[in-house]
Amino acid sequence: MKDNYQKNSLTLAGAVAMGTGVMIGAGIFALTGQVAQFSGPAFPLAFLIAAFISGFSAYTYIKMSNKYPSAGGIAMILQKAYGPTTIAAASALLMTMSMVINESLVARTFGAYTLQLFDVEKNSVLVPILAVGLIAFAFVINISGNKIIGGVSKVAAVLKVGGILIFAGAALWASGLSFEAASSAPSNETTPAGFLAGVALAILAFKGFTTITNSGDEVQSPNKNVGRAIMWSLGVCLIVYMAVALAVGSSLTLEEIIAAKDFSLAEASRPAFGDLGVAFTVIIAIIATASGLLASVFAVSRMLAMLTEMNLIPHKHFGMPGGIQKHTLVYTVFLAAFLAAFFDLGRIASLGAIYYLVMDVIIHYGVLRYLREDVGARAWILISAILFDLLALGAFLFIKASADPVIVVIAIGSMAAIFAFEALYLGKIRDKEAPDHAHSHS
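Predicted model, so just to flag it, every value in this text is computed and none were measured. (Residues numbered from 1 in each chain as written. Predicted model: local features only at pLDDT ≥ 70, side-chain atom pairs only at ≥ 80, totals over all residues. Heavy atoms only, no water.)

**Comments concerning helix α12 (residues 264–309)**
Link 1 in the chain: Given a rise of 1.5 Å per residue, 46 residues ought to cover 68 Å, yet the end C-alpha atoms of α12 are separated by just 42 Å, more than 12% below that figure.
Link 2 in the chain: Residue F273 marks the point of greatest curvature in α12, where the axis turns by about 145 degrees.
Link 3 in the chain: Immediately downstream of α12, the backbone of N311 shows phi near 60 degrees, a positive value. (Helix = DSSP H or I, 4+ residues; strand = E, 2+ residues; numbered from the N terminus. Expected span 1.5 Å × (residues − 1). Bend = angle between axes of the 7 residues up to and from the residue.)

**Concerning empty space enclosed by the protein**
Link 1 in the chain: Under the defined criterion, the tally for this structure stands at one cavity of 30 Å³ or more.
Link 2 in the chain: The calculated volume of the largest cavity comes to roughly 30 Å³.
Link 3 in the chain: Along the walls of the largest cavity sit F29, G163, I164, F167, L265, F280, T281 and I284, which together make up its complete lining.
Link 4 in the chain: At the level of elements, α6 (146–175) and α12 are the ones that each hand at least two residues to the lining of the largest cavity.
Link 5 in the chain: Looking at which element gives the most residues to the lining of the largest cavity, the answer is α12, with four residues.
Link 6 in the chain: Taken together, the residues that form the lining of the largest cavity break down as six nonpolar, two polar and no charged. (1 Å grid on protein atoms, 1.4 Å probe; cavity = no way out; pocket = protein on both sides within 12 Å on 5 of 7 lines; lining within 4 Å. Points joined across faces, edges and corners; volume = space filled by probe spheres on them. Nonpolar A, V, L, I, M, F, W, Y, C, P; charged D, E, K, R; others polar.)

**Observations regarding the side chain of N225**
Link 1 in the chain: Looking at the secondary structure, you find N225 in helix α10 (residues 222–251).
Link 2 in the chain: Aside from chain neighbours lying at most four places away, what touches N225 is L12, V219 and Q220. (Contact = heavy atoms within 4.5 Å.)

**With respect to the environment of I239**
Link 1 in the chain: By the element assignment, I239 lies in helix α10.
Link 2 in the chain: For I239, a relative accessible area of 55% translates into the label exposed.
Link 3 in the chain: Put simply, I239 and L165 are 74 residues apart on the chain and 9.0 Å apart in space, counted from C-alpha to C-alpha. (Buried < 20%, exposed > 50% of the residue type's maximum accessible area, 1.4 Å probe, protein only.)

**As for the packing of aromatic side chains**
Link 1 in the chain: By the definition in use, this model includes eleven aromatic pairs.
Link 2 in the chain: When the ring of F52 is compared with that of F56, the centres are 5.0 Å apart and the planes differ by 65 degrees; the resulting orientation is edge-to-face. Placement of the pair is F52 and F56 together in helix α2 (residues 43–67), with a separation of four residues, close to one helical turn.
Link 3 in the chain: Between Y82 and Y370 the ring centres are 5.8 Å apart and the planes differ by 70 degrees, which places this aromatic pair in the edge-to-face class. Here Y370 lies in helix α14 (residues 345–375) and Y82 lies in helix α3 (residues 73–82), a separation of 288 residues in the sequence.
Link 4 in the chain: Taking relative accessible area as the criterion, Y370 reaches 44% and is therefore assigned partly exposed.
Link 5 in the chain: One aromatic cluster in this structure is built from F52, F56, W380 and F388.
Link 6 in the chain: For K80, the ring lying beneath its charged end belongs to Y68, and the centroid distance is 4.1 Å. (Phe/Tyr/Trp six-rings, centres within 6.5 Å; stacked < 30°, edge-to-face > 60°. Lys NZ or Arg CZ within 6 Å of the ring centre and 35° of its normal.)

Written as structure tokens, this is what we have:
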């Protein structure tokens, strides 16, 4: 299994590019309008608070990665905290599913933005078709190896960060630095719970830093560079997100942002720059989403391979050639393509946020309860991370329960199914190992 990993194949710059690639790929293009729908005119503040909470969350991952760098790092954290148990395996699967959901979110965003170049209805069937096509492209690039992925990620990171900042600066200049979203918003429409629900969704825009954790010892000098890459990625993304949120809010009213929530950046460039501005924004979105998906598929397939190696999930090759890592890559893109084809952006984002926050709480508690002294982590930071996650998750579930109860039922039901599946699978593994253990001592 270890032969499938390429130790020291990702530089610090490559790891930063990978982290920002996942975050910017979905976070800013797909979620700006979604967050504004919950948080109202204060949606830039929601992104700022989400970054603050993500910083507390990152502390846990950095402490663990500094001492135990590993490909499939989140699975490693869970196993060290809880052992080869149902809670470790199911939580790792929740994280994996959250990342796959993120891939489908990115792919749908790619489709929604690409169609802005053409006179096509925003709900066209071409959106899922383009999404699935992008996922297939990411699969082809991923089987080509880490060097191609790292090279593409670095070039794409420079292009999209530079392009987004150009868009933001131009939009702010054209608007005269006025914040149209605030001046046009109805008063007293956003509740505290609604604002916190927006924060929960905005956290999804920053969770891509876990991609770096999952790359583990594939990063050069991982004991120090994994943590550095995470902090650099969060910092870059915060600057980009705040610039774009202010630019969108300066160009569009809150109603216009919500109406164009799946492609709000493209719509924000229209008032000042017309079709040329839209085309520029769409091209940047295409680069960002494509590179984001590329980086995410890279990380998820490695994590699934690690879970297989740790005997936490079953594996079947279904007659496919190659090693386990190639098989998990196929599973990853197949599931992401299914979600991209049949779920809309709003529900995809909601499901991903719920999965991620639940898994994040379990990780923080595991490190607090079992590993804090081993890795030298401060208890108050871990407790704060747990409380912040629970506050955001509670508010999000409260709002979604009234607005879209179906997705809450799907989230809770699927999580219960994942835990039940792992309990059954690990139970069979233990039953099988028991006679072998007894035989070895007879």
